[in-house]
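Understanding the architecture of this molecule
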Amino acid sequence: MTDKAAPGWARLTVLVASLALLAAYVLPLWKITLEAPQYPEGLGMLIRVNTIEGIEPNDLDNINNLNHYIGMKRIEPDSMAELRFMPWILGFLVAWGVAAAAVGRRWMLCAWFGLLALGAAAGLADFWRWGYDYGHNLDVENAIIEVPGMTYQPPVIGSKKLLNFTAHSWPASGGWIAIAAGLAGAIACLSGRTGKSGANAGARAGRTAAGPAAALALVPFLVVGAACAPDGPATVRIGEDVCDHCRMTIEDRVFAAQLVTERGKAYRFDAIECLAGWVVEREGPDSPAARARLWVADAREPGRWIRVEDAAFLHGPEIRSPMGGGLAAVPAGADPGSAAALAEGAERLDWDAVLDLARAGRITGHRAGHGGIAERPGPGPGPAREHSATGG
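The numbers attached to residues start from 1 for each chain and follow its sequence in the written order. This being a predicted model, a pLDDT of at least 70 is required before a residue's local features are given, and a value of 80 or more before pairs of side-chain atoms are given or counted; all residues contribute to the totals for chains, interfaces and linings. Excluded from the side-chain calculation are hydrogens and water; included are all heavy atoms of the structure.

Comments concerning the overall build of the protein chain
Cut-off, in case you're wondering: Secondary structure counts use DSSP, requiring at least four H or I residues in a row for a helix and at least two E residues in a row for a strand, with both numbered from the N terminus. Accessibility here uses a 1.4 Å probe with only protein chains present; expressed as a share of the type maximum, an area under 20% marks a residue as buried, one over 50% as exposed, and anything in between as partly exposed. Throughout, a residue-residue contact means that at least one pair of heavy atoms, one from each residue, lies within 4.5 Å.
What the protein chain contains, in helices and strands, is ten helices and 14 strands. Per-residue burial over the protein chain gives 44% buried out of 392 residues. Considering only contacts in the protein chain between residues 6 or more positions apart, those separated by 24 or more positions represent 64%.

Set out below in structure tokens:
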């Protein structure tokens, strides 16, 4: 049974998956970040195939300095034997996958998947063991701060509260590629069985004809998708989240905005003018906004987010945005639609023009109240207030 030849699609799938593992030599495998009030941008480190480094140049030193206060060991990549072995293990997996694809025996393809899964399990187990030692074996005699009974083991995956820090541990881009490669290998192994001859083979082929093509087509999408960090907007809880600029509760989803940093930390704002003011106050090459993703609510469809570079900003005195800036957003080039009342009499700006208004101090007025669209005076009915003050 195990000496059967694998079909061509399964061999190609494993070839692509094994070569995709080469990305782990240049992309980080794992990411750990720490958030705390005194570090609003957070601290973080990346675990690569042969080293550990800070996300920002001083992050690892800052983490080690914090660890000193509570008696934790320093993180010294050069002292970790695993980081010397991992490049060779990864190289072996790549070579085996290429050889398995070339020879074409199904047992070799399944063995490649098994070795990859075993290596991943061993890596996670070693990560847990390292984290346990790191968080439990404390130098309490030299610790500046001692909390009786407290341990500081970081999560292997997920989030965990450690004193006033929240630690997040998730695969990085290289780790997601390895996961995608493993899934592709599993498909090739489990579905890459050659059918029996005769009538049974014909019936089997009828049931599985679409499987190989679908699995093969899935591989590049898994690899490309895994290489990209999630770049979507964060969740904004209306009536609960607090604006990171004016510290008011975000009450109207029509005007909400947000900024998601390169590290994935989200800042939420109750108004576009608050987002612009926050960005302008922190301008510079080292600003968290320099490489961040900025989103604003679509005034036509509250709850839908638009990247600022894809938005047209409506600016006018009748737009009662929460901080009095008179700003709302719709997709650039789109008909305002249900937000037509916003567009009437308002000028259309791009994001750079909005920032210029913030720099000039023209959209940083006092809070005007969460009132939605102002009703115009004069005869006849004013524009309908399509959205409630609570963003419902």
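Re the pattern of salt bridges
We apply this condition: For this analysis, a salt bridge means a side-chain nitrogen from Lys or Arg found within 4 Å of a carboxyl oxygen belonging to Asp or Glu.
Applying the stated criterion across every chain yields a total of 13 salt bridges. The salt bridge partner of D241 is R268, with a shortest N-O separation of 3.5 Å. With D241 in the loop between helix 7 (210–227) and strand 6 (257–260) and R268 in strand 7 (residues 266–269), this residue pair connects regions lying 27 residues apart in the sequence. With its nearest N and O atoms 2.7 Å apart, the salt bridge here joins R359 to D356.

Considering helix 3 (residues 82–103)
The line we're drawing: By definition here, a helix of n residues has an expected span of 1.5 Å times n minus one. In this description, one arc is meant: the one made by directions from the helix axis to the C-beta atoms.
Given a rise of 1.5 Å per residue, 22 residues ought to cover 32 Å, and the 31 Å separating the end C-alpha atoms of helix 3 matches this to within 8%. Along helix 3, the residues classified as buried are L83, P87, L90, L93, V94, G97, A100 and A101. For helix 3, the angular spread of buried residues about the axis comes to 160°, placing them on one side. The exposed set on the far side of helix 3, more than 90 degrees from its buried face, consists of W88 and A102. Close packing links the buried residues of helix 3 with helix 1 (8–20), strand 3 (52–54) and helix 4 (106–136). After helix 3 finishes, the residue G104 shows a positive phi value of roughly 85°.

Describing the nonpolar core
Soluble globular proteins tend to pack their nonpolar side chains together in the buried interior. Rule in force here: Take the buried Ala, Val, Leu, Ile, Met, Phe, Trp, Tyr and Cys residues and link them wherever side-chain atoms come within 4.5 Å; each set so joined is a nonpolar core.
One finds L259, F269, L275, V296, F313, W351 and V354 to be the most contacted residues of the largest nonpolar core, which totals 42 residues. Residue assignment for this core shows that the elements contributing at least two residues are strand 6, strand 7, helix 8 (272–281), strand 8 (293–297), strand 9 (305–307), strand 10 (311–315), strand 12 (327–331) and helix 10 (351–359). In this structure V296 touches A256, A257, I272, L275, R304, W305, I306, V308, A311, F313 and A329, once residues within four positions along its chain are discounted. I32, M72, I75 and F165 belong to the second-largest nonpolar core, a separate cluster that totals 22 residues.

So, the sheet that holds strand 6
Rules: Paired strands, in this sense, are two strands between which DSSP finds at least two bridges. Note on geometry: axes are lines fitted to C-alpha atoms, helical ones only across the stretch in contact, with angles between N-to-C directions running from 0 to 180 degrees.
On the basis of which strands lie adjacent, the open sheet formed by four strands has the order 7-6-8-9 and antiparallel pairing. The open sheet terminates on both sides in strands that have one partner only, identified here as strand 7 and strand 9. The average undirected angle you get between the axes of adjacent strands in this sheet is 25°. Two elements, strand 6 and strand 8, share four bridges in a ladder whose sense is antiparallel. By the bridge assignment for strand 8, L259 is matched with L294. Strands in contact with helix 8 are strand 6, strand 7 and strand 8; relative to strand 6, the strand with the most contacts, it is inclined by about 35°.

Regarding the environment of A101
Within the secondary structure layout, A101 lies in helix 3. A101 sits in the buried class, given a relative accessible area of 9%. Residues A101 and L12, spaced 89 residues apart in sequence, show a C-alpha to C-alpha distance of 6.5 Å. Residue contacts for A101: discarding those within four places in its chain leaves R11 and L15.

Focus on the environment of P154
As for its position among the elements, P154 is in the loop between helix 4 and strand 4 (158–162). Separated by 20 residues in sequence, P154 and Y134 place their C-alpha atoms 8.5 Å apart. Among residues more than four places away in sequence, those in contact with P154 are G131 and Y134.

Structural notes on the packing of aromatic side chains
Definition in use: Pairing of aromatic rings covers Phe, Tyr and the six-membered ring of Trp, with a centre-to-centre limit of 6.5 Å; geometry is then stacked below 30 degrees between planes, edge-to-face above 60, and tilted otherwise. In our convention, an over-ring charge means Lys NZ or Arg CZ found within 6 Å of a ring centre and within 35 degrees of that ring's normal.
Counted by the stated rule, this structure contains nine aromatic pairs. On the basis of an interplanar angle of 65° and a centroid distance of 5.9 Å, the ring pair of F269 and W278 is categorised as edge-to-face. For the pair F269 and W278, one class covers both residues: buried. The interplanar angle of 40° and the centroid separation of 5.4 Å between the aromatic rings of F313 and W351 together place this pair among those described as tilted. With F313 in strand 10 and W351 in helix 10, the pair connects residues that are 38 residues apart, well separated along the chain. It is R307 that lies over the ring of W295; its NZ or CZ is 5.3 Å from the centre.

Some thoughts on a nonpolar patch on the surface
In plain terms, the rule: Patch construction takes residues with relative accessible area above 30% that form no salt bridge. Like charges are linked within 9 Å, and nonpolar side chains (Val, Leu, Ile, Met, Phe, Trp, Tyr) are linked within 5 Å. To be clear on the numbers: accessible area is Shrake-Rupley with a 1.4 Å probe, and residue cover counts the displayed protein chains and nothing else.
Side chains of L19, L22, Y25, V26 and V98 sit close together on the surface and give an oily, nonpolar patch of about 420 Å² of accessible area. Assignment of secondary structure puts V98 in helix 3. Judged by relative accessible area, V98 falls into the partly exposed class, the value being 33%.

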